[in-house]
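An overview of the molecular structure
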Amino acid sequence: MLLFFTLGLLIHFVFFASIFDIYFTSPLVHGMTPQFTPLPPPARRLVLFVADGLRADTLYELDENGTSRAPFIRNIIMHEGSWGISHTRVPTESRPGHVALIAGFYEDVSAVAKGWKENPVEFDSLFNESKYTWSWGSPDILPMFAKGASGDHVYTYSYDAKREDFGAQDATKLDTWVFDNVKDFFRHARNNQSLFSKINEEKIVFFLHLLGIDTNGHAHRPSSRDYKDNIKKVDDGVKEIVSMFNHFYGNDGKTTFIFTSDHGMTDWGSHGAGHPSETLTPLVTWGAGINYPQRVSAQQFDDSFLKEWRLENWKRLDVNQGILPVDYLNNTDLFKAESMFTNAVQILEQFKVKMTQKKEVTLPFLFTPFKLLSDSKQFNILRKARSYIKHRKFDEVVSLCKELIHLALKGLSYYHTYDRFFLGINVVIGFVGWISYASLLIIKSHSNLIKGVSKEVKKPSHLLPCSFVAIGILVAFFLLIQACPWTYYVYGLLPVPIWYAVLREFQVVQDLVTSLLTYPLSHFVGYLLVFTLGIEVLVLSFFYRYMLTAGLTAFAVWPFLTRLWTRAKVTSLSWAFFSVLLAVFPLMPVVGRKPDISLVMGAGLLVLLLSLCVVTSLMKRKDSFRKEELLVHLLQVLSTVLSMYVVYSTQSSLLRKQGLPLMNQVISWATLASSLFVPLLSSPAVFQRLFSILLSLMSTYLLLSTGYEAVFPLVLSCLMFVWINIEQETLQQSGVCCKQKLTSIQFSYNTDITQFRQLYLDDIRRAFFLVFFLVTAFFGTGNIASINSFDLASVYCFLTVFSPFMMGALMMWKILIPFVLVMCAFEAVQLTTQLSSKSLFLIVLVISDIMALHFFFLVKDYGSWLDIGTSISHYVIVMSMTIFLVFLNGLAQLLTTKKLRLCGKPKSHFM
């Protein structure tokens, strides 16, 4: 069985990784011939301002007094330059956003995993093609492009990373540091002949990365006065820098200015997904080669922004990365036509390289070219464009080049996804085979379904293994002659041994069919429909949280439809009450939208009240409650009180902009560190141990909470306690075993294997309950499938200085705490129902894999980027959940069975 779980884990890692090969491969193409416009550029230098995290609406809108919070930028829009909205794409994070701005293409979604590392970029960029680039700003952004550049011509000036503190007194100092250092740089250049000559060269770039707005948005929300005041300070700083540049270069008219943002931000201060508040960013340009403002009487857009911003009479020019926005250019029609032609040839060159690469590694009779852009059509379009330029038909050139770009981009996408169907089919075949094998293993080894059906043991045939060896050789040869990557061999060959293992159990399949034929058809169809409905509800809950409410409401009614109501009225009513109470949470707004510390305090008080009741109840039973255990519970109560104090104190300190107090930080980390071993000091009796685990984890969860979600683990745990009791009742009702008091049952690592029983039909329901509770634990307080659901304010009791991986780890632990509570309760369910964890876990695995197969088919690569990103994250979540279940099961066993003592030798506990 250990070998089976090890192989299963490896297979699931392969299935998990497959999504990255199928949907997350890099779109980059290398090996093109550089293309340049033959005409001289209008500017000698570019000044790029990137206001990190700036939303388009917050910049362009007027405040409550009817005035602009960025008067200089608005003056540029009305009198000097061109403006519009830049449409960014998922993931709306800093690295992909800056890559799109500076390298001119949308980086693949997997780049979010590289987020803020100091790693060299694997592509060409504007900085690399410049003569010199000087950049100022965040140490998380600048090194990416400096280390990726060829040669030594990109210079970076960054502040200390510790300045990126969400609890700092004034985050605008990050932007002030940039503006001050740029001014000092130019003052120094006047007295340094070498530097002076460099900054007077052509093809010069100055990059100012302004992080203050993003920091204030995370810390105080975009609707806050801090965020909006920061925009005003950035506007003042940009005005001073522009004036300085014009003065330094003697108003030579050779400087182009661009003001934009890498991504926006949600109302609750996060980003990463595809909400319009995250993808709509401002773009304002002026200076050399840029069009002056164009007055218009009417404009057609799908939104009402122009009226809201009172900019309906100034032409708005929206852009997407990759295609030259010729409407922004103020130059001759010949220059625009030549520039557009060069842009089209650049993208066509990528298409040709991509097609050649795919053609070289595909068998000729299997290769299907992109028919919309054949060689003859490419030649005709290029020839016609050159002819139009020669005859000065420049508008026709621009239109023709846009058509060519559109076709070339479609062709690039076609060849980029060329192997997607082949890889997808292999993964699906492997998936179905694995689910089939796991199901057969359950039926054969853990149930009585086929016992006594067939006593005949057939001699194994050599034909089956020989056939599968031949199939494996053919698949490997097919991949070899096409020079496929090694991962293709994994996806192509993995189904072979899986299906061999399935077909080896053909006798089990025959016996299963024989056994099922003895059951009434109506019963079989009914059970199948109920199981299918349950799976579909689980799948739909990923898209619609209220489906969890529907499921929990159905759970509440369940005891009243069975004989449980007549046997255990109190337990049935408790089950219904807590099911309905838990069903309320999926109907509430996603956590983090409106922080409310009073709810966290209220959750803490509920924990203290519950602790008082439980400890008082346990103290009355003097025979089972020692002073040592009382001390442990008192320590956990003290930890809860300290957590409440830290949450309140930290919130007050941050509101006063005094940062995170050191003592609060120490207490928070100490609470987190102790939460996993303090429960091991408690009694191994089921009730005491589970209650101790709840107290320890709730102390940490309070520190990570910002609102109503603090109550969620408490309600979930109450339902888990009732679940354990109600499962005992169902087992007693079926006559499988007698009911025992939870205070008399002890967790034991060395469980007597002879006490385990075979699986019954009702055990499928138990496994389904577990999966449903896990999904509820995941989505009960928010849409975790979306990156923007994470609220950085959750970790402010632990740290406020920007540290993405540490913050991510803390938020991940917050997500996993309800998981751990459910898994610990599941350990108790297995113990009290005398069921092997391996057998029940196999059913859970099958249910999870069927869900994963659903989401594999639901993955999208079309439509809005919000839909695409969510569909991919759903599959990743289910596969991660399946893999994590193995580790969470081990953690739950450790928390429930291990016993430590404050002094002396540990005692062993047996049932």
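Residues numbered from 1 in each chain as written. Predicted model: local features only at pLDDT ≥ 70, side-chain atom pairs only at ≥ 80, totals over all residues. Heavy atoms only, no water.

**Digging into the overall build of the protein**
On a plain count of helices and strands, the protein comes out with 33 helices and seven strands. By residue count, 54% of the 911 residues in the protein fall in the buried class. Pairs at least 24 apart in sequence give 80% of the contacts found in the protein among residues at least 6 apart. If you sum the accessible surface of the protein, you get close to 40,600 Å²; carbon and sulfur atoms cover 62% of it. (Helix = DSSP H or I, 4+ residues; strand = E, 2+ residues; numbered from the N terminus. Buried < 20%, exposed > 50% of the residue type's maximum accessible area, 1.4 Å probe, protein only. Contact = heavy atoms within 4.5 Å. Areas by Shrake-Rupley, 256 points an atom, 1.4 Å probe, with all protein chains shown as cover.)

**Quick notes on the packing of helix α14 (residues 375–390) against helix α15 (residues 394–416)**
One can describe the packing of α14 onto α15 by two numbers: an axis separation of 8 Å at closest approach and a directional angle of 160°. Here α14 lies roughly antiparallel to α15, going by the angle between them. Here the hand of the crossing between α14 and α15 comes out left-handed. Every residue of α15 that contacts α14 at Lys377, Ile381, Leu382, Lys384, Ala385, Tyr388 and Ile389 is listed here: Phe394, Glu396, Val397, Leu400, Glu403, Leu404 and Leu407. In terms of residue class, the contact of α14 with α15 is built from ten nonpolar, no polar and four charged. (Axes fitted to C-alpha atoms, helices over the stretch in contact; angles between N-to-C directions. Parallel < 35°, antiparallel > 145°, perpendicular 65-115°, else oblique. Left-handed = near helix turned anticlockwise from the far one by under 90°. Nonpolar A, V, L, I, M, F, W, Y, C, P; charged D, E, K, R; others polar.)

**As for the packing of aromatic side chains**
Under the counting rule described, the total for this entry stands at 65 aromatic pairs. Seen from their ring centres, Trp575 and Phe773 are 6.3 Å apart, and the 75° between their planes marks the pair as edge-to-face. Residue Trp575 is located in helix α24 (residues 569–583), and its partner Phe773 is located in helix α30 (residues 761–779); the two are separated by 198 residues in the primary sequence. An identical accessibility class is assigned to Trp575 and Phe773; each is buried. Judged by centre distance (6.4 Å) and plane angle (15°), the rings of Trp723 and Phe826 are stacked. Here Phe826 lies in helix α31 (residues 804–832) and Trp723 lies in helix α29 (residues 712–734), a separation of 103 residues in the sequence. Under the relative-accessibility criterion, Trp723 is labelled buried at 0%. (Phe/Tyr/Trp six-rings, centres within 6.5 Å; stacked < 30°, edge-to-face > 60°.)

**Looking at unusual backbone geometry**
Backbone geometry places Asn251, a non-glycine residue, at a positive phi of 50°. Along the polypeptide, Asn251 turns up in the loop between α10 (225–248) and β6 (255–260). Look at Asn251 and you get exposed, because its relative accessible area is 60%. Not every positive phi belongs to a glycine, and Lys657 is a case in point at roughly 60°. Topologically, Lys657 is positioned in the loop between α26 (627–655) and α27 (662–674).

**Observations concerning the environment of Thr417**
Position of Thr417 relative to the elements: it lies in the loop between α15 and α16 (420–445). Put simply, Thr417 and Ile22 are 395 residues apart on the chain and 7.7 Å apart in space, counted from C-alpha to C-alpha. A distance of 2.8 Å separates the side chain of Thr417 from the backbone oxygen of Ser413, its partner in a polar contact. (Polar contact = N/O pair within 3.5 Å; in protein donor to acceptor, adjacent residues only side chain to side chain.)

**Observations regarding the side chain of Ser682**
You can see Ser682 is positioned in the loop between α27 and α28 (686–703). Taking the relative accessible area as the measure of exposure, Ser682 reaches 2% and is therefore buried. At 2.6 Å, the side chain of Ser682 forms a polar contact with the backbone oxygen of Pro679. Once residues lying within four places of it in the same chain are set aside, the contact partners of Ser682 are Val632, Gln688, Arg689, Ser692 and Lys899.

**Observations concerning the sheet that holds strand β2 (residues 82–87)**
Taken in spatial order, the seven strands line up as β2-β7-β6-β1-β5-β3-β4 in an open sheet, and their pairing is mixed. The sheet is open, and its two edges are formed by β2 and β4 (154–158), each paired on a single side. The mean angle between the axes of side-by-side strands here comes to 15°, regardless of whether they run parallel or antiparallel. Bridging between β6 and strand β7 (residues 280–287) involves five bridges; their strand directions are antiparallel. Across the sheet, residue Phe257 finds its bridge partner in β7, namely Trp286. Those strands touched by helix α7 (residues 173–190) are β3 (132–137), β4 and β5 (204–210), and its axis lies near 155° from that of β5. (Pairing = 2+ DSSP bridges.)

**Observations concerning the side chain of Arg221**
Here Arg221 lies in the loop between α9 (212–220) and α10. The class for Arg221 is buried, based on a relative accessible area of 11%. Reaching out from Arg221, the side chain makes a polar contact with the backbone oxygen of Trp268 at a distance of 3.1 Å.

**With respect to the pairing of β3**
Of all six residues making up β3, six are buried, and the element is well covered by its neighbours. With burial as the criterion, each face of β3 is covered, one bearing Tyr132, Trp134 and Trp136 and the other bearing Thr133, Ser135 and Gly137. Bridging between β3 and β5 involves five bridges; their strand directions are parallel. Across the sheet, residue Ser135 finds its bridge partner in β5, namely Phe207. Here five bridges tie β3 to β4, and the two strands are oriented parallel to one another. Bridged to Gly137 within β4 is Ser158.

**Some remarks on the packing of helix α17 (residues 463–480) against helix α18 (residues 486–493)**
Two numbers describe a pair of packed helices, the interaxial angle and the distance between the axes. It is the contact of α17 with α18, at a shortest axis distance of 10 Å, that shows an interaxial angle of 155°. Compared by their axis directions, α17 and α18 come out roughly antiparallel. In the crossing of α17 with α18, the sense of the turn from one axis to the other is right-handed. Taking contact as the criterion, the partners of Gly472, Val475, Ala476, Leu479 and Leu480 in α17 are, on α18, Tyr488, Tyr489, Gly492 and Leu493.

**Structural notes on a nonpolar patch on the surface**
A cluster of nonpolar residues, Leu540, Phe543, Tyr544, Tyr546, Leu587 and Leu858, forms a patch on the protein surface that exposes about 580 Å² of accessible area. By secondary structure assignment, the location of Leu858 is in helix α32 (residues 837–858). Owing to a relative accessible area of 37%, Leu858 belongs among the partly exposed residues under this scheme. (Patch = residues over 30% accessible without salt bridge, like charges linked within 9 Å, V, L, I, M, F, W, Y side chains within 5 Å. Salt bridge = Lys/Arg side-chain N within 4 Å of Asp/Glu carboxyl O.)

**Focus: the environment of Leu672**
Among the secondary structure elements, Leu672 is positioned in helix α27. Sequence-wise, Leu672 and Trp813 are 141 residues apart; in three dimensions their C-alpha atoms are separated by 9.9 Å. Among all residues touching Leu672, those that are not within four sequence positions of it are Thr700, Phe798, Leu810 and Trp813.

**Re the nonpolar core**
In this structure, Trp575, Trp723, Phe773, Met851 and Tyr875 are the most contacted members of the largest nonpolar core, which totals 151 residues. Examining the composition of this core, we find that 18 residues originate from one element, α31, more than from any other. Apart from residues lying up to four places away in sequence, Trp723 is in contact with Trp575, Arg766, Phe769, Leu770, Phe773, Phe826 and Val829. In terms of nonpolar packing, the next biggest core, distinct from the first, is built from 54 residues, Phe206, Tyr227, Val242 and Phe248 among them. (Core = buried A, V, L, I, M, F, W, Y, C linked by side-chain atoms within 4.5 Å.)

**Quick notes on the confidence of the model for the protein**
Considering every residue of the protein, the mean pLDDT works out to 86; 89% of them sit at 70 or more. Across residues 112–116, confidence stays below pLDDT 50; counting only partners more than four residues off in sequence or on other chains, it has twelve contacts. Predicted confidence for residues 905–911 stays below pLDDT 50, and this span has 16 contacts to residues more than four positions away or in other chains. (pLDDT = per-residue confidence, 0-100.)

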